[in-house]
Amino acid sequence: MLPKAYDPSAVEDSIYKRWEDSGAFRPESCDPKGEPFTISMPPPNATGQLHLGHAVMLALEDIFIRFQRMRGRKTLWVPGTDHASIATEAVVIRQIQKEERIADPRKALGREKLIARIKKFVEESRGTIRNQVRKMGASCDWTRERYTMDPALARTTYEVFVDMYKRGVIYRGHRMVNWDPKLQTTLSDDEVVCEARTEPFYTFQYGPFQISTSRPETKFGDKYVVMHPEDERYRKYKHGDTFTAEWINGPVHATVIKDSVVDPAFGTGVMTITPWHDAVDFGIAERHGLEKEQIIGFDGKLLPAAGEFAGTPIEKARPLIVEKLQKKGLVVTTVEGHEHNVAISSRGGGIVEPQIKEQWFVDVNKRAVNWKGKKMTIKEVMSDVVHSGDVHIIPERFNKVYFHWIDNLRDWCISRQIWWGHRIPAWYKGSEIYVGVEPPEGDGWEQDSDTLDTWYGVSQWTWSTLVDPKLTEDTSLSLQEIIKRSPDLQAFHPTHVMETGYDILFFWVARMILMTTYTLGQVPFKTVYLHGLIRTRDGKKMSKSHPETMIDPLDIIPKYGADALRLSMIVGQSPGADSRLYEEKIAGYRNFVNKLWNASRFVLLQCEAAGLRPAELKMDPSTGSGGKLKIDEYSLADRAMLSRLQSVIQKVTEGLAEYRLSEAGETLYSFVWDDFCDWYLELSKGNANTAVLVHILRKILQLLHPYCPFVTEELWSQVKPEDAGMLISKSWPEVKKEWVDAEAEETFLQLISVIQAVRKIRADQGIEPSKEISAIIHTKKWVELLESQEGHIRRMGKISSLTFDTDAKPHKNAASVFLPEIEVHVPLEGLIDVAAERKKLEKEKAELEKYVNGIEVKLKNADFTARAPENVIAAEREKKETGAEKLRKITERLQMLG
RNA sequence: GGGCAAUUAGCUCAGCUGGUUAGAGCGUCACAUUGACAUUGUGAAGGUCACUGGUUCGAAUCCAGUAUUGCCCACCA
């Protein structure tokens, strides 16, 4: 017999092992005729611990996968890890700095040794991650585990790079980049975050002009003044005019430039430019062919161009420069508290300095993708796949965000000045350049020292993980041949769902669309399901700097079980919205899991009492063969429950298929707790139909399995039919239409109403709960059904005597329980007054009739009419038709009321 | 500066395309409870659905505006 309480930590690990050992996670164990269903697990960074973000990702994907697997799809869920170049290198460097007190590990160790250290660190982390993923119950195919630094994935990364280079999509050029002086590397636009700072805003005299800036330290080399071509105030100055201005380190020869990016309304309408350190200025300089000069070094210190300030870090130089200008009398005004945005590195937290550097870029405007029979630009394809619905984003509102991002997308800087990652496959010899997967022949070639942005390689993840690694060892095969010959790639790509946090929609989801459409001519996935951030009870972000705010899945699982954790993150959450998590919530779902456990325990006890083995029990109420009852011989409660079960199966199946996990989960939660436990099991006491009990329990376990796989699998082993295998591979329950019995459900509700009414009488009359009372119940329509349930009603309502009287007339002072046919002859207040109810319905019906009969379409909004009149009319008509349906419903209810 | 979302019970949130008495969980209170389950059961209290207008027979739901909060985007020096 089962213990009284469920102890997840006692069984979870062994259940997981049984699943894994059985091969159930592999598509090869699924029905060979099943349609494939694939998910690529977003690879966690190989930096160590999994957090709640990973936990929610694993829970969601596991639910998708388990549901489809149980339905007979050939499911594949590919796990893996990401080398996470910048993040991992930073973690290891910090570790070395801390533990070995080496100030600059890069310098001290050199490239080879540092990489070796990182590799070792990553190996350990990956082990930890694998273990953590298992703890969550994730049913992914470990035999297909991948890592972004696998030789096979490195090969595909390089092949795509070389291909893009050859077709001119990847280019090398001097461009404005986001330079992180702290980490000594460039960053992509997405790795830069803006932070509002208030700093003084200075206006300086510059020749005849006044110019404003919050960054005086960049102004040394400024020798162009720019204004809007149509600014009347500066009409007398012509484009190309020159003049001499006294400036920080003496006079400069300046030139007037007219450009329409300048906003005449801002400040004085005139600005000087610093093309090397500002993207706008760079654009102006490019348009007019102006000189560019570097003022700030890559170490964040001023260069010789700053004269006496050379070598000073910029933040120190600023007040000194202002002071000097002040002495020269060139400061016009200083406004304190000017708010502007400062670019901060999301990686290292340092201030990002725009610099010009030679870097590798992906050209997003190159017409180089073959898509739907057309040559399109990367941008166009990225936009098209979402517009056309090839990729469907859940929740939909992220479409807008996505399109906005695409519209503003600029070339993607993919080179990073760090060592950990895929090294750029380019070699230089003097002015020669060679780009290829294999190093060039001959001496004197030196490889580019930079590595690729992590997101470049991992953006091929959905398909590079499916490439057959053996094929990539054969250097004579082209990438397209490898793709064609890889069986998994052919069978399982495109993947079905990409489930990830909305915070990496741009970093990753968009880039996967880019890289995969380019290389394969396929979308990487059909549906994008975005989850939100998990926050603390107060709605704050959980952060490493405040460990007390963190909930660690590995602390929670031993205490509450993986199932409870999963439920607490899924049920009651909607996609794309942030949610809060705290221990009481998890405890609530632990209680639910335990409730399920004990309900099963009760069922088993009933079987034992009847001398039956649950495994042998089969329910086939349609035939009634083998001495069993036919369904219409079942009790009211049995039929009502079986009928209710059918609609639950339908709702849950639809919900899961349409990614409405929370809704389906809630349906199950309330069915199990409110219907099955609180009513059906109570009614079964002393009069149980074990076949039905076992049947419903089995269906519940099946339906719940995607949500809480461990406890359901454990219980399944107790109640499963003899010939059935593990729950993980059991087929999903089907709706049996012939068991739907609306009348039984309705009557059952009446029965419950009677019981509740009696309880209420007791409360209202102040009758002590321990004391039994007498009640007379008159029924007309359902007298037979209710008579069969007399025992239950008496028992649950604590009624000492019940009388059924079919001929009784409705009593004036009787309190009626919803229907006039059931009356309780005890005066009481607060129950539904049938007369009032009828009146209300009649009024509503009359009102509806006016509007529903003979559809009169009235257009509500003139604007809409102008735009799409037909649509509006159609929509309006449809509305009226649903109105008609409502009318029908009301009429029906009125008839029921008599 | 642009965009998106949220605002419903003390707390966390449901409420789909407008229509029975606005729901759930937690918390609170009362009562129950010796055999599935105290990780329980039954019930109660608690909401003018942020505000103001509008559309409608009818609005938490649709529209407009306001306020507060949060997020994303952005080259205003």
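In what follows, the structure referred to is the one given above.
Starting from 1, residues in each chain are numbered consecutively following that chain's sequence as written. Chain labels run from A onward and ligand labels from 1 onward, assigned in the order the entries are written. Totals for whole chains, interfaces and linings use all residues, but because this is a predicted model, local features are given only for residues with pLDDT of at least 70 and pairs of side-chain atoms are given and counted only at 80 or more. Side-chain numbers here rest on the full set of heavy atoms in the structure, without hydrogens or water.

A few words on the overall build of chain A. Helix and strand assignments follow DSSP, with helices taken as H or I runs no shorter than four residues and strands as E runs no shorter than two, numbered in order from the N terminus. Secondary structure summary: chain A contains 28 helices and 32 strands in total. Remark: exposure states derive from per-residue accessible area (1.4 Å probe, protein chains only) relative to the maximum for the residue type, with buried under 20%, exposed over 50%, and partly exposed in between. Out of the 898 residues belonging to chain A, those deemed buried represent 53%. Sequence-distant contacts in chain A: of pairs separated by 6 or more residues, those separated by 24 or more amount to 75%. Should any heavy atoms of two residues lie within 4.5 Å, those residues are considered in contact.

Across the 9 residues that make up strand E11 (residues 250-258), a large majority, 7, are buried. Any two strands with at least two DSSP-identified bridges between them are counted as paired. Here 6 bridges tie strand E10 (residues 242-247) to E11, and the two strands are oriented antiparallel to one another. Across the sheet, residue Glu-246 finds its bridge partner in E11, namely Pro-251. Taking the residues that link successive antiparallel strands as the turn, the E10-E11 hairpin has 2 residues.

With that settled, the discussion passes to empty space enclosed by the protein. Note on definitions: the grid is 1 Å and covers protein atoms alone; a cavity is a set of points where a 1.4 Å probe fits but cannot get out; a pocket is an open set with protein on both sides within 12 Å along at least five of seven lines; lining residues have an atom within 4 Å of a point. Grid points are joined across faces, edges and corners, and a volume is the space filled by probe spheres set on the points. By the definition in use, this model includes 5 cavities of 30 Å³ or more. Lining the largest cavity are Gly-221, Asp-222, Lys-223, Tyr-224, Ile-273, Thr-274, Pro-275, Glu-291, Lys-292, Glu-293 and Ile-295. Split by residue class, the lining of the largest cavity holds 4 nonpolar, 2 polar and 5 charged. Under the grouping applied here, Gly and all other residues not named as nonpolar or charged are polar, the nonpolar ones being Ala, Val, Leu, Ile, Met, Phe, Trp, Tyr, Cys and Pro and the charged ones Asp, Glu, Lys and Arg.

Before going further, it helps to examine the packing of helix H16 (residues 553-560) against helix H18 (residues 583-609). Direction vectors running N to C along H16 and H18 enclose 35°, while the axes themselves pass 11 Å from each other. As for how H16 packs across H18, the hand of that crossing is right-handed. Every residue of H18 that contacts H16 at Ile-556, Lys-559 and Tyr-560 is listed here: Glu-583, Ile-586, Ala-587 and Arg-590. Class assignment for the residues of the contact of H16 with H18 results in 4 nonpolar, no polar and 3 charged. Angles here are taken between N-to-C directions and fall from 0 to 180 degrees, while the axes themselves are lines fitted to C-alpha atoms, restricted in helices to the stretch in contact. What makes a crossing left-handed is the near helix being turned counterclockwise from the far one by less than a right angle; a clockwise turn instead makes it right-handed.

Turning next to the environment of Lys-737. Along the chain, the position of Lys-737 falls in the loop between helix H22 (709-719) and helix H23 (742-765). Since its relative accessible area comes to 69%, Lys-737 is described here as exposed. Placed 91 residues apart in sequence, Lys-737 and Gln-646 show a C-alpha to C-alpha distance of 7.3 Å.

Turning next to unusual backbone geometry. Residues Ile-394 and Pro-395 are joined by a peptide bond in cis, for which omega reads -5°. By the secondary structure assignment, Pro-395 is in the loop between strand E17 (392-394) and helix H9 (398-407). A cis amide bond links His-493 to the next residue, Pro-494, at an omega of 0°. As for its position among the elements, Pro-494 is in the loop between helix H14 (487-492) and strand E24 (495-501). Its identity as a non-glycine residue notwithstanding, Arg-101 has a phi of 55°, on the positive side.

Attention shifts here to the layout of surface pockets. In this structure, the second largest pocket encloses a volume near 470 Å³. Lining the second largest pocket are 18 residues; nearest its centre among them are Ile-93, Gln-97, Arg-106, Lys-182 and Leu-183. Among the secondary structure elements, those contributing two or more residues to the lining of the second largest pocket are helix H3 (85-100) and helix H4 (105-135). Broken down by class, the residue content of the lining of the second largest pocket amounts to 8 nonpolar, 3 polar and 7 charged.

Residues Met-569, Phe-676, Ile-696 and Tyr-707 are the most contacted members of the largest nonpolar core, which totals 110 residues. In this structure Ile-696 touches Met-641, Leu-642, Leu-645, Phe-671, Phe-676 and Tyr-680, once residues within four positions along its chain are discounted. The set of buried Ala, Val, Leu, Ile, Met, Phe, Trp, Tyr and Cys residues whose side-chain atoms join them within 4.5 Å is what this entry labels a nonpolar core. In terms of nonpolar packing, the next biggest core, distinct from the first, is built from 68 residues, Ala-368, Val-458, Leu-479 and Met-498 among them.

The strand order across the open sheet formed by 4 strands is E10-E11-E9-E12, and the pairing between neighbours is mixed. At either end of the open sheet lies a strand with only one pairing partner, and these are E10 and strand E12 (270-272). Averaged over neighbouring strand pairs, the angle between their axes works out to 35° when direction is ignored. As paired elements, strand E9 (residues 224-227) and E11 share 4 bridges and run parallel to each other. In the sheet register, Tyr-224 faces E11, and the bridge partner there is Thr-255.

Take the pattern of salt bridges next. Basic side-chain nitrogens of Lys or Arg form a salt bridge, by our definition, when they fall within 4 Å of a carboxyl oxygen of Asp or Glu. Across all of its chains, the model carries 43 salt bridges by this definition. With its nearest N and O atoms 3.4 Å apart, the salt bridge here joins Arg-126 to Glu-145. You can see Arg-126 sitting in helix H4 and its partner Glu-145 sitting in the loop between H4 and strand E4 (146-147), a full 19 residues away along the chain. Neither residue differs from the other here; Arg-126 and Glu-145 are each classed as buried. Measuring nitrogen to oxygen at the nearest pair gives 3.2 Å for the salt bridge that ties Asp-741 to Arg-639. Taken as a pair, Asp-741 in the loop between H22 and H23 and Arg-639 in helix H19 (residues 636-657) lie far apart in primary sequence, 102 residues in all. Here Arg-639 falls in the buried class, since its relative accessible area comes to 16%.

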